[in-house]
Amino acid sequence: MAWLLGRFSKLKSNQDFSPPQKPVFTFKDDRNIVFGGGESLIHKFDDENKFIVCGTGIDVENELIMQQADWTKAIRSGEIINSEGHYLVTEISDKNVCISNDKLGLREVFLYEDKTSIYYSTRLDLLLPYIKDKKINWEFLCSYWNLQNPLIYETFLKNVQILGPFGEAEISESGIKLKRKKWIPEIFETSPNEAIIHLSRIVKSVFNSNRCIDLGLSGGIDSRTLLSMFIHYDKNLWQTHTFGNADSIDFRIGSKISEKLQLNKRFLSKNKFENGNELDNWQEFVKETLGFLPAYAYHELSYYKLLDKKHFMIDGGKGEYIRRGLSNRLAFQGKRALLNNNVQLLKQYFICDKLKIFYDHIFENQDSLLDSQISGLLESMPNAKEFGTENWVDLYNVR
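An account of the accompanying structure is given in this report. (Residues numbered from 1 in each chain as written. Predicted model: local features only at pLDDT ≥ 70, side-chain atom pairs only at ≥ 80, totals over all residues. Heavy atoms only, no water.)

**A word on the overall build of the chain**
Put simply, the test is: In DSSP terms, a helix is any run of H or I states spanning at least four residues, a strand is any run of E spanning at least two, and both are numbered starting from the N terminus. Within these notes, the globule rule equals 2.2 Å times the number of residues to the 0.38 power, and the radius of gyration is based on C-alpha atoms. For each residue, the accessible area found with a 1.4 Å probe, counting protein chains only, is set against the maximum for its type, and the residue is called buried under 20%, exposed over 50%, and partly exposed in between. Working rule for contacts: check all heavy atoms of both residues, and any pair within 4.5 Å makes them a contact. Counted as positive: Lys and Arg. Counted as negative: Asp and Glu. His and the chain ends are not counted at all. Taken as the charge location is NZ of Lys, CZ of Arg, CG of Asp or CD of Glu.
Helices and strands together make up the secondary structure of the chain, namely 15 helices and 17 strands. On C-alpha atoms alone, the chain measures out to a radius of gyration of 22 Å, which is about the 21 Å that the 2.2 N^0.38 rule sets for 399 residues. Within the chain, buried positions represent 43% of all 399 residues. Long-range pairs, those at least 24 residues apart, make up 60% of the contacts in the chain with a sequence separation of at least 6. The averaged location of the 53 negative side-chain charges in the chain is 1 Å from the averaged location of its 51 positive side-chain charges.

If you want it as structure tokens, here you go:
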């Protein structure tokens, strides 16, 4: 995944600033130093355009994956707002830095300001060396530890800000200005066939990019649907990969499909934490996830590091969002409470019991804090009566 680390100098006198690892690019002028690396990274620095894109954008109108030329056009015309996907766009000038992200906030950026500089990064751990007087944000910790997901757009540190979904950050001499637009998806009737046609056109745009495509193949309906689109293309243009151990269901189903269709395939396995270099693995786990993912999920994601960085990887995954496996209780048992905006009754569907490792005084006023956060969530979401409770829960899941 692409990473970004930048500093904007308020004094127009850049001090030494080093990258945390070998970057793909370095940009520097009187006020700015920016480093970027990883995959899914697009950047352009010339007299007319200075921008960086972390992630993948989709031009919905033209049904294609956005390349550098598409981003250049969208930024010049101010039409980034019409792009879909998961992305973070950073525009740089001699006066300010403007950062915006996708409607669901799938790509985050953390921001920290001191007297002389403003630092920003896609990873909080990359900012830590520059943060003075670190203090824990107990309200966020309360939300993180007691609920299934944090309900506030804050961070573990009091003086570090986060962009949040559909957000815009302007960085200048006067400081950091944050704003978030409220986005509510349109609801319209469509058929499965129409959805498949739109998806197949986007897949076609990837093949037109002249990159070898790596399809994640498992036993799930999502990857098999994608495979049905790929099968019509020259097999020299794409290959499949399946993660896991030889006795896993995905491995066995993927193997049978690959053999029957004579696909170009790779089966990849990776040592778990207890079998590899434990300290290195756990350090990366903490740095990259901040504890938001369970260790097994991080282990699954680490498979992607084994893939060829030059390939375009497509994977289904997270079918539990579609089958609403993460919040069926909220969708059905909590329906009446959701329709009535009853915070007290809703609380039980957001709470996730964890080990009692904190003293009682750590989360003083816990109930009022959680009530306030759930109320804030309800205000930021569409009205459940008008939007529909199941649509509401789906939007909550992906946000």
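**Description of the pattern of salt bridges**
To keep things clear, this is the line we draw: The salt bridge criterion pairs a side-chain nitrogen of Lys or Arg with a carboxyl oxygen of Asp or Glu, the two atoms within 4 Å.
Under the counting rule described, the total for this entry stands at 13 salt bridges. Ionic pairing is found between Asp-125 and Arg-123, a salt bridge with its closest N-O pair at 3.0 Å. Exposure class is identical for Asp-125 and Arg-123. Each is buried. Here Glu-168 ties to Lys-181 by a salt bridge, and the two come within 2.7 Å at their closest N and O atoms. Linking Glu-168 in strand S12 (residues 167-172) with Lys-181 in the loop between strand S13 (175-180) and helix H4 (192-207), this pair joins segments that are 13 residues apart in sequence. Assessed through its relative accessible area of 29%, Glu-168 is described here as partly exposed.

**Observations regarding the sheet that holds strand S14 (residues 213-216)**
The condition that has to hold: A pair of strands counts as paired when DSSP detects no fewer than two bridges linking them. To obtain an axis, a line is fitted to C-alpha atoms, over the contacting stretch when the element is a helix, and the angle between two such axes runs from 0 to 180 degrees between their N-to-C directions.
Strand order in the open sheet formed by 4 strands is S16-S15-S14-S17, and the pairing between neighbours is parallel. Of all the strands in the sheet, just strand S16 (265-268) and strand S17 (312-314) have a single pairing partner and so form its edges. In this sheet, adjacent strand axes meet at a mean angle of 25° when their direction is disregarded. Summarising the sheet, S14 and strand S15 (residues 238-243) pair through 4 bridges and their orientation is parallel. The partner of Gly-216 across the bridge, within S15, is His-241.

**Regarding unusual backbone geometry**
At Glu-63, a position not held by glycine, the phi torsion is positive, near 55°. Within the element layout of this structure, Glu-63 appears in the loop between strand S5 (50-59) and strand S6 (64-65).

**Some points on the packing of aromatic side chains**
Applied cut-off: Note on ring pairs: Phe, Tyr and Trp rings are taken, using the six-membered ring of Trp, and paired if centres are within 6.5 Å. Classes follow the plane angle, with under 30 degrees stacked, over 60 edge-to-face and the rest tilted.
For the structure on display, the rule yields 17 aromatic pairs. An angle of 50° between the planes, with centres 5.4 Å apart, marks the rings of Phe-25 and Phe-45 as tilted. Placement of the pair is Phe-25 in strand S2 (residues 25-28) and Phe-45 in strand S4 (residues 41-45), with a sequence separation of 20 residues. Assessed through its relative accessible area of 27%, Phe-45 is described here as partly exposed. Seen in terms of ring centroids, Phe-350 and Tyr-396 are 5.4 Å apart; in terms of plane orientation they differ by 80°. Their pairing is edge-to-face.

**As for the state of the cysteines**
Let me state the cut-off plainly: Two cysteine sulfur atoms make up a disulfide if the distance between them is within 2.5 Å.
If you walk through the whole model with that rule in mind, you get 0 disulfides. The cysteine Cys-142 is free of any disulfide, with Cys-352 supplying the nearest cysteine sulfur at 13 Å.

**A closer look at the sheet that holds strand S3 (residues 32-37)**
The strands making up a sheet associate through hydrogen bonds between their backbones, and the pairing can be parallel or antiparallel. The 6 strands lie next to each other as S2-S3-S1-S10-S9-S11, forming an open sheet whose pairing is antiparallel. Of all strands in the sheet, those with a lone pairing partner are S2 and strand S11 (160-162), marking the two edges. Within the sheet, the average angular offset between the axes of one strand and its neighbour, ignoring direction, is 15°. Pairing of strand S1 (residues 3-9) with strand S10 (residues 117-121), which is carried by 5 bridges, proceeds in the antiparallel orientation. Residue pairing in the sheet places Leu-5 in a bridge with Ser-121 of S10.

**A closer look at the pairing of S14**
Our working definition: A clockwise course of the path from the first strand over the helix to the second, judged with the strands pointing away from the viewer, identifies a crossover as right-handed.
Here S14 shows two buried faces, one formed by Ile-213 and Leu-215 and the other by Asp-214 and Gly-216. For the segment spanning S14, helix H5 (residues 221-230) and S15, crossover handedness is right-handed. Relative to S17, S14 is paired through 3 bridges, and the arrangement is parallel. Paired with Ile-213 across the two strands is Phe-312, which belongs to S17.

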